[in-house]
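# Residue-level structural notes
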Amino acid sequence: AQSVTQLGSHVSVSEGALVLLRCNYSSSVPPYLFWYVQYPNQGLQLLLKYTSAATLVKGINGFEAEFKKSETSFHLTKPSAHMSDAAEYFCAVAAGGTSYGKLTFGQGTILTVHP
Amino acid sequence: ETGVTQSPTHLIKTRGQQVTLRCSSQSGHNTVSWYQQALGQGPQFIFQYYREEENGRGNFPPRFSGLQFPNYSSELNVNALELDDSALYLCASSNAMTSGGGQFFGPGTRLTVL
């Protein structure tokens, strides 16, 4: 069975500061991992995905994440926060070692960006 | 390329009623998954359809059922609605034949049960 833990339900940063959102996973098979962003009253938008090709994954809007097997982590970072980054972020792991399998999500992290 | 679409966007029902939600998958995708997102929580997997057959189910009762059509669009049906069914229902499509493609979500249907 898979599980995802997102450390910190709320993260607050200043505009221009580093963004770091933490995600730890548990999976019995090599995982496919994802980060999604959700703006208020909207669906989920795929930010980036890890599919075993490279441990450092670059996504949209300047976000990137690093897969660390030894730490079972997949933390999301962005060097410089922008006001438009304020949203809720979800980390997810796919079941069965496939990218289309059932997704198990973390509880989400709400990112607030202060001017 | 057309993304995932869902209808309706909002729906209000009363307890005990039945509801049908619809999803059109992204062009080229053959797999549809449904998720329930309660307020303040992460999405929970309901079930997945591939080639018109259920291909995995989460911890939801049988009154949650679905269909997938030959054009890969899908329906989610919920019978005997309960107050706790109030949530955002998300549909995601993917391609089971493409390694590493991922799942792409629609905008969701907000269901309110009174």
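Residues numbered from 1 in each chain as written. Chains lettered and ligands numbered in written order. Predicted model: local features only at pLDDT ≥ 70, side-chain atom pairs only at ≥ 80, totals over all residues. Heavy atoms only, no water.

This brings us to the state of the cysteines. The tally for this structure, following the rule as stated, stands at two disulfides over all chains. Note on cysteine connectivity: C23 of chain A is disulfide-linked to C91 of chain A, with sulfurs 2.0 Å apart. On the sign convention where negative is left-handed, the bridge of C23 of chain A and C91 of chain A, at about -60° about the S-S bond, is left-handed. With C23 of chain A in strand 3 (residues 19-26) and C91 of chain A in strand 9 (residues 87-94), this residue pair connects regions lying 68 residues apart in the sequence. Summarising the burial analysis for this pair, C23 of chain A and C91 of chain A share the class buried. Two residues share a disulfide in this structure: C23 of chain B and C91 of chain B, whose sulfurs sit 1.8 Å from each other. For the disulfide bridge between C23 of chain B and C91 of chain B, the dihedral angle about the S-S bond is near -55°, and by the sign convention the bridge is left-handed. In this pair, C23 of chain B sits in strand 3 (residues 19-24) while C91 of chain B sits in strand 9 (residues 87-94), placing the two residues 68 residues apart along the sequence. Each member of the pair, C23 of chain B together with C91 of chain B, is buried. (Disulfide = S-S within 2.5 Å. Helix = DSSP H or I, 4+ residues; strand = E, 2+ residues; numbered from the N terminus. Buried < 20%, exposed > 50% of the residue type's maximum accessible area, 1.4 Å probe, protein only.)

Okay, the pairing of strand 5 (residues 44-50) of chain B next. All names here are of chain B. For strand 5, a buried count of six out of seven residues is recorded, marking the element as mostly surrounded by other parts of the structure. The hairpin turn running from strand 4 (residues 31-37) into strand 5, its antiparallel successor, is six residues long, and G40 in that turn takes a positive phi close to 80°. Examined bridge by bridge, strand 5 and strand 6 (residues 53-57) share three bridges and lie antiparallel to one another. For F47, the partnering residue across the bridge sits in strand 6 and is R57. (Pairing = 2+ DSSP bridges.)

Our focus in this paragraph is the packing of aromatic side chains. Describing an aromatic ring pair means giving the distance of the ring centres and the angle of the ring planes. Counting across every chain of the model gives 14 aromatic pairs over all chains. Summarising the aromatic geometry, the rings of Y50 of chain A and F74 of chain A are spaced 6.2 Å apart at their centres and angled 55° between planes, so their arrangement reads as tilted. Remark: F74 of chain A occurs in strand 8 (residues 73-78) and Y50 of chain A occurs in strand 5 (residues 44-50); sequence separation between them is 24 residues. In this pair, the class of Y50 of chain A matches that of F74 of chain A, namely buried. Ring geometry for F90 of chain A versus F105 of chain A: centroids 6.3 Å apart, planes at 90°, classification edge-to-face. Within this pair, whereas F90 of chain A is found in strand 9, its partner F105 of chain A is found in strand 10 (residues 103-105), the two being separated by 15 residues in sequence. For F90 of chain A, a relative accessible area of 0% gives the class buried. An aromatic cluster is built from F34, Y36, F90 and F105 of chain A together with Y35, F45 and F105 of chain B, whose rings are joined through pairwise contacts. (Phe/Tyr/Trp six-rings, centres within 6.5 Å; stacked < 30°, edge-to-face > 60°.)

Time to look at the pattern of salt bridges. All names here are of chain B. Counted under the stated rule, the structure contains six salt bridges over all chains. A salt bridge links R22 to E75; the shortest N-O distance between them is 3.5 Å. Taken as a pair, R22 in strand 3 and E75 in strand 8 (residues 74-78) lie far apart in primary sequence, 53 residues in all. One salt bridge connects D85 with R63, and the closest N-O pair in it is separated by 2.8 Å. Of the two residues, D85 is situated in the loop between strand 8 and strand 9 and R63 in the loop between strand 6 and strand 7 (64-68); the sequence distance between them amounts to 22 residues. (Salt bridge = Lys/Arg side-chain N within 4 Å of Asp/Glu carboxyl O.)

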